[in-house]
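Geometric and topological summary
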Amino acid sequence: MGLGTLAATGTACGATGGFQSSGDTIVIGFVSPQSGALANFASGDAFVVDRVRQTPPYSQGFTVGGRKYTVEIVVKDSVSDPRLAGRAARELIQHHKADMIVTSSAPETTNPVAAECESAGVPCVATVVPWEAWYFSRQADPSHPRPFTYTTMFFLGVDQFGGCFVPMWERVSTNKVVGAMFPDDPDGRAFRQAWPPILERAGYTWVDGGAYTEGRDFQSMIAKFRRERCEIFINAPLTPDFNRMWRQAAVAGFRPRLATVAKVLLFPSDTLPLGNLVENIATDSWWGPYMPNTSSLDGESARNLAEAYQSATGRQWLQTLGSVYSLFEIAHQAFTGVDTPRDRQAVAARLRTLNYSGMSGVLDFSRGPVPGVAIQQPVGVQWKRGVGRFPYEMMVVDNSLNPAVPIGADLAPTNP
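Residue positions are counted from 1 within each chain, in the order its sequence is given. Reporting of local features is limited, given that this is a predicted model, to residues whose pLDDT is at least 70; pairs of side-chain atoms are given and counted only at 80 or more, and all residues count toward the totals for whole chains, interfaces and linings. Where side-chain values are given, they derive from all heavy atoms of the structure, hydrogens and water being excluded.

**Remarks on the sheet that holds strand E9 (residues 232-235)**
Strands pair, by our definition, only if DSSP identifies at least two bridges between them. By the criteria applied, helices consist of DSSP H or I runs no shorter than four residues and strands consist of E runs no shorter than two, each listed in order from the N terminus. Pairing is mixed in the open sheet, where seven strands are placed in the order E8-E7-E9-E10-E11-E15-E16. Looking at strand neighbours, the two that pair on one side only are strand E8 (205-208) and strand E16 (392-398), the edges of this open sheet. Strand after strand, the sheet turns through a mean of 30 degrees between neighbouring axes, direction not considered. Taken together, the six bridges between strand E15 (residues 379-385) and E16 define a ladder with antiparallel strand orientation. In the sheet register, Trp-383 faces E16, and the bridge partner there is Met-394. A fitted line through C-alpha atoms serves as each axis, taken over the contacting stretch for helices, and the angle formed by two N-to-C directions is quoted from 0 to 180°.

**Here's the deal with the pattern of salt bridges**
Any carboxyl oxygen of Asp or Glu within 4 Å of a side-chain nitrogen of Lys or Arg constitutes a salt bridge here. Under the criterion given, the structure shown has 15 salt bridges. A salt bridge links Asp-398 to Arg-171, with the nearest nitrogen and oxygen atoms 3.0 Å apart. Of the two residues, Asp-398 is situated in strand E16 and Arg-171 in the loop between helix H6 (158-170) and strand E7 (177-181); the sequence distance between them amounts to 227 residues. Buried, partly exposed and exposed residues are distinguished by accessible area as a fraction of the type maximum, computed with a 1.4 Å probe on protein chains only: under 20%, between the cut-offs, and over 50%, respectively. The exposure class assigned to Asp-398 is buried, which follows from its relative accessible area of 6%. Take Arg-171: its relative accessible area is 45%, and that puts it in the partly exposed class. Here the salt bridges share partners, and the residues they tie into one network are Glu-108, Asp-185, Asp-187 and Lys-263.

**Describing the sheet that holds strand E2 (residues 62-64)**
Within a sheet, each strand pairs with its neighbour through backbone hydrogen bonds, oriented either parallel or antiparallel. Read from one edge to the other, the open sheet built from seven strands follows the order E2-E3-E1-E4-E5-E6-E14, with strand pairing classed as mixed. Each edge of the sheet is formed by a strand with only one pairing partner; in this case those strands are E2 and strand E14 (373-375). The average angle at which neighbouring strand axes cross in this sheet is 25 degrees, direction not considered. Residue contacts are counted whenever heavy atoms from the two residues lie within 4.5 Å of one another. Across the sheet, helix H1 (residues 45-53) touches strand E1 (25-32) and strand E3 (67-77), and the angle it forms with E3 is around 170 degrees.

**Quick word on unusual backbone geometry**
Its identity is not glycine, yet Ser-80 carries a phi of approximately 60 degrees, on the positive side. Along the chain, Ser-80 turns up in the loop between E3 and helix H3 (82-94). Backbone geometry places Arg-229, a non-glycine residue, at a positive phi of 55 degrees. Structurally, Arg-229 can be placed in the loop between helix H8 (219-227) and E9. By relative accessible area, Arg-229 is classed as exposed at 54%.

**Quick notes on the confidence of the model for the chain**
A score between 0 and 100, pLDDT records how confident the predictor is in each residue. Taken residue by residue, the chain gives an average pLDDT of 93. The fraction at 70 or more is 95%. Note that pLDDT drops below 50 for residues 1-22; the model gives that stretch 64 contacts with residues more than four away or on any other chain.

**Regarding the side chain of Gln-316**
Counting through the fold element by element, Gln-316 comes out in the loop between helix H11 (302-313) and helix H12 (320-335). The buried category is assigned to Gln-316, whose relative accessible area is 13%. Here a polar contact is recorded for every N or O atom pair within 3.5 Å, except that within protein the pair must consist of a potential hydrogen donor and a potential acceptor, and residues adjacent in sequence are included only if both atoms are side-chain atoms. Looking at Gln-316, its side chain comes within polar contact range of the main-chain oxygen of Tyr-392, at 2.9 Å.

**Regarding the packing of H1 against H12**
Two numbers describe how H1 lies on H12: the axes approach to 9 Å, and their chain directions differ by 40 degrees. Judged by the twist between their axes, the crossing of H1 over H12 is right-handed. Seen from H1, the contacting residues are Asp-45, Phe-47, Val-48, Val-49, Arg-51 and Val-52; seen from H12, they are Leu-321, Val-324, Tyr-325 and Phe-328. Crossings are assigned a handedness: left-handed for a near helix turned anticlockwise from the far helix by less than a right angle, right-handed for a clockwise turn.

**Looking at the state of the cysteines**
Put simply, a disulfide is two cysteine sulfurs that come within 2.5 Å. In total, this model carries zero disulfides according to the counting rule given. Free of any disulfide, Cys-124 has its nearest cysteine sulfur in Cys-117, 4.0 Å distant.

**Concerning the packing of aromatic side chains**
Stacked, tilted and edge-to-face pairs are distinguished by plane angle, under 30 degrees for stacked and over 60 for edge-to-face with tilted covering the rest, among Phe, Tyr and Trp rings (Trp via its six-membered ring) whose centres lie within 6.5 Å. Throughout the structure, instances matching the rule amount to 28 aromatic pairs. Note on Phe-161 and Phe-165: the rings are 5.9 Å apart at their centroids and 65 degrees apart in plane angle, and the pair reads as edge-to-face. Linking Phe-161 with Phe-165, this pair stays in helix H6, spanning four residues, or about one helical turn. Look at Phe-161 and you get buried, because its relative accessible area is 3%. Its relative accessible area of 1% is what places Phe-165 among the buried residues. Judged by centre distance (6.5 Å) and plane angle (20 degrees), the ring pair of Phe-233 and Phe-242 falls under stacked. Judged on exposure class, the residue Phe-233 and its partner Phe-242 are both buried. Taken together, the ring pairs in this structure connect Phe-161, Phe-165, Trp-169, Phe-182, Phe-191, Trp-195, Tyr-204 and Trp-206 into an aromatic cluster. The side chain of Arg-138 reaches across the aromatic face of Phe-148, ending 3.7 Å from its centre. The rule is short: NZ of Lys or CZ of Arg within 6 Å of the ring centre and within 35 degrees of the ring normal puts a charge over the ring.

Structure (structure tokens):
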């Protein structure tokens, strides 16, 4: 069964955050960017949803307060458009009577979905979005943030990117000048604000390439990086913008000693348009077959999940497999920890205090850095030439933040 929108049963009261009317089905809505500019993030979602449906809790039903409920997953495509993401969430709430909505992949999808859920009083869990971009961008006054009641998330923050990237920088001889490519969007603004203090503490100099809008030419930014002699490169762009910039940089002679990128080159399909220009670019990895994680739903290992995906699809594993899988683990944990799935306030309170171990490792929503946010510890990886059927492979080169993950290859300069 592929990704599709399924009919759901059950009824709901209004957006009160209280009790819904009775029914025998728990409806979980799922919104991700299955098409559009961010579709690479969601390319494994159909496989994961089908895999989750086959686990005992989802195939046999959840036991909540001594009563058995069937579980229905209703899938919506955000089309990588914030407006359509919000519409998808409203449809799930109003038409499908969702008891919970889970969502993945970049603020363009997760933030409008979370905003709709918070307004309607529907429990929501998001992932694959830096927590700062998810939390502060949704505040009425970001300088005086207030915790959310119904919306939670798990992923990384800029501190984790720093803890992942800086140790790799330290192992390559450079002048410690860092060029930054951050767009004028929620991710870019969050990174632009948070990175300079991290760089200063580590003894690096910050060169901001300037906020930019999607689709621009990058010649002036590249010229600035060359003029300032930037030997380290960081970013958080959309994939088409990075591909354009990186090709222009190669032609212009901007060849940083180490490129450490975020939001792009997270997935195998991202590497193909760049060919050999992708070799030894470093990024973060929050999930992979090298992680010592197992499912809380049926005990499946991270390695087995990745291998099953490759066998079923013929495509290379990708990081969001583990993240999306864990959204449904969390839903199971939340619903089975309350007296009734219809008490939205109780389910939301359960989410904010949840602490369990599963496909994404240990997730503790009670620790912060802010209420309702669980932090993962990534490893540093580089794209290396593949030794099997895939042209490039993501190899672990630094485990400073997550020593339980074994090193798989030596760190090498992006440009010798």
